[in-house]
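Below, each chain spelled out in residue letters.
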Amino acid sequence: MKKITAITALLITLFTAHCADAQKNAEQLLKDFQQLSGSWTGSLTYLDYSSGTPYTMAADIEVKRINDSNEFEFINTYPKEKSANSTQIISISKDGKYIGKEQVISRTEQAGGRIQIVTQRQGKDGNDNKQALIKQTYTISGASFSMRKEVLFSGENKWILRHEYAYSKK
C-alpha cells in the first residue's frame, strides 16, 4: 500500500510541475508578444518562386492583444500594394507549446535583450503545393521585430528562405 501511495504522490508531483512549467511557458510567450503591441514600419522580402529572385516591398504592421486573451491581432498593411493588406489572429496555446498551429521548438534570450522564438509545422508551400517542413522565427526586441519563414521541401536537405518581415517601432 505504501508503494502505491508513494507512486501516486510522485505522479501528482510530476504532473503539478509539468502544469506549472506549461503555464510559465505560456505566460512568457504572452509577455514576449505583448512587447509587439503598437505600430511598426518596415519591409517584406520574399522569394518569388517563379523567377527565383527575392523581391522587397514596404510593409507595416499593427499588433494588438485581444482583450486579456491568448490572441493577438496582426494588421498587415502594404503602402504601395493596398490589395495585399490582411489581418491575422495569432493564438498562443494555454500550455505554451504552440503559436497557432506551429509547435514552439525553442525560445532563447539573446544579446541586447532580444528574444528569439522558433516554431515548426508540417505543411505545403511553393507554386505546386509541395509537402514541406515550415519553420517560423520570431525575433523580438523593444525597437525591432522580425518574422522569418523558411521552408524545407520533402526529400530536400536545404532550407529556403521563403520570406522575412523586418520592422522598426514607429
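Read on for a plain summary of the structure. Being a predicted model, the structure only gives us computed values, none of them experimental. (Residues numbered from 1 in each chain as written. Predicted model: local features only at pLDDT ≥ 70, side-chain atom pairs only at ≥ 80, totals over all residues. Heavy atoms only, no water.)

Once that is clear, we can look at the overall build of the protein chain. Helix and strand counts for the protein chain come out as one helix and 10 strands. Counting the 170 residues in the protein chain, one finds 33% classified as buried. When contacts within the protein chain are restricted to residue pairs at least 6 apart in sequence, long-range pairs at least 24 apart make up 38% of them. Of the roughly 10,400 Å² of accessible surface on the protein chain, a fraction of 52% belongs to carbon and sulfur atoms. (Helix = DSSP H or I, 4+ residues; strand = E, 2+ residues; numbered from the N terminus. Buried < 20%, exposed > 50% of the residue type's maximum accessible area, 1.4 Å probe, protein only. Contact = heavy atoms within 4.5 Å. Areas by Shrake-Rupley, 256 points an atom, 1.4 Å probe, with all protein chains shown as cover.)

Mapped onto the elements of the fold, Lys97 is located in the loop between β4 (86-91) and β5 (98-99). On the basis of relative accessibility, which here comes to 37%, the residue Lys97 falls in the partly exposed class.

Even without glycine at this site, Asn67 takes up a positive phi of about 50 degrees. Relative to the elements of secondary structure, Asn67 occurs in the loop between β2 (53-65) and β3 (71-77). Positive phi values are uncommon outside glycine, yet Asn129 reaches one of about 50 degrees.

With respect to the secondary-structure elements, Thr137 resides in strand β8 (residues 130-140). A relative accessible area of 8% places Thr137 in the buried class. Residues in contact with Thr137, not counting those within four places in the same chain, are Gln116, Ile117, Val118, Ser146, Met147, Arg148 and Glu150.

If you walk across this open sheet you meet the 10 strands as β4-β3-β2-β1-β10-β9-β8-β7-β6-β5, and the pairing is antiparallel. Here the strands that pair on one side only, and so sit at the sheet edges, are β4 and β5. Taken together, the six bridges between β2 and β3 define a ladder with antiparallel strand orientation. The residue of β3 that forms the bridge with Val63 is Phe74. (Pairing = 2+ DSSP bridges.)

It is worth spelling out the pattern of salt bridges at this point. Pairs can form between side chains of opposite charge once their charged atoms are near each other. For the structure on display, the rule yields eight salt bridges. Residue Glu109 pairs with Arg107 through a salt bridge whose shortest N-O separation is 3.3 Å. By relative accessible area, which is 26% here, Arg107 ends up partly exposed. Linking Asp125 and Lys149 is a salt bridge whose minimum nitrogen-to-oxygen distance equals 3.0 Å. On the criterion of sequence distance, the pair formed by Asp125 in strand β7 (residues 115-125) and Lys149 in strand β9 (residues 144-153) is long-range, its members being 24 residues apart. On the basis of relative accessible area, Asp125 is assigned to the buried category, the value being 6%. Taking relative accessible area as the criterion, Lys149 reaches 14% and is therefore assigned buried. Taken together, the shared-partner salt bridges in this structure form one network comprising Lys135, Arg148, Glu150 and Glu164. (Salt bridge = Lys/Arg side-chain N within 4 Å of Asp/Glu carboxyl O.)

This part covers the packing of aromatic side chains. Pairs of aromatic rings are described using the distance from one ring centre to the other and the angle between the two planes. Under the counting rule described, the total for this entry stands at eight aromatic pairs. Note on Phe74 and Phe145: the rings are 6.4 Å apart at their centroids and 65 degrees apart in plane angle, and the pair reads as edge-to-face. A residue pair is termed long-range when its members are at least 10 positions apart, and Phe74 in strand β3 and Phe145 in strand β9 qualify at 71 residues. Assessed through its relative accessible area of 1%, Phe145 is described here as buried. A cation over a ring is seen here: Lys130 above Phe153, with NZ or CZ 4.9 Å from the ring centre. Looking at Lys135, its charged tip hangs above the ring of Trp159, at a distance of 4.5 Å from the centre. (Phe/Tyr/Trp six-rings, centres within 6.5 Å; stacked < 30°, edge-to-face > 60°. Lys NZ or Arg CZ within 6 Å of the ring centre and 35° of its normal.)

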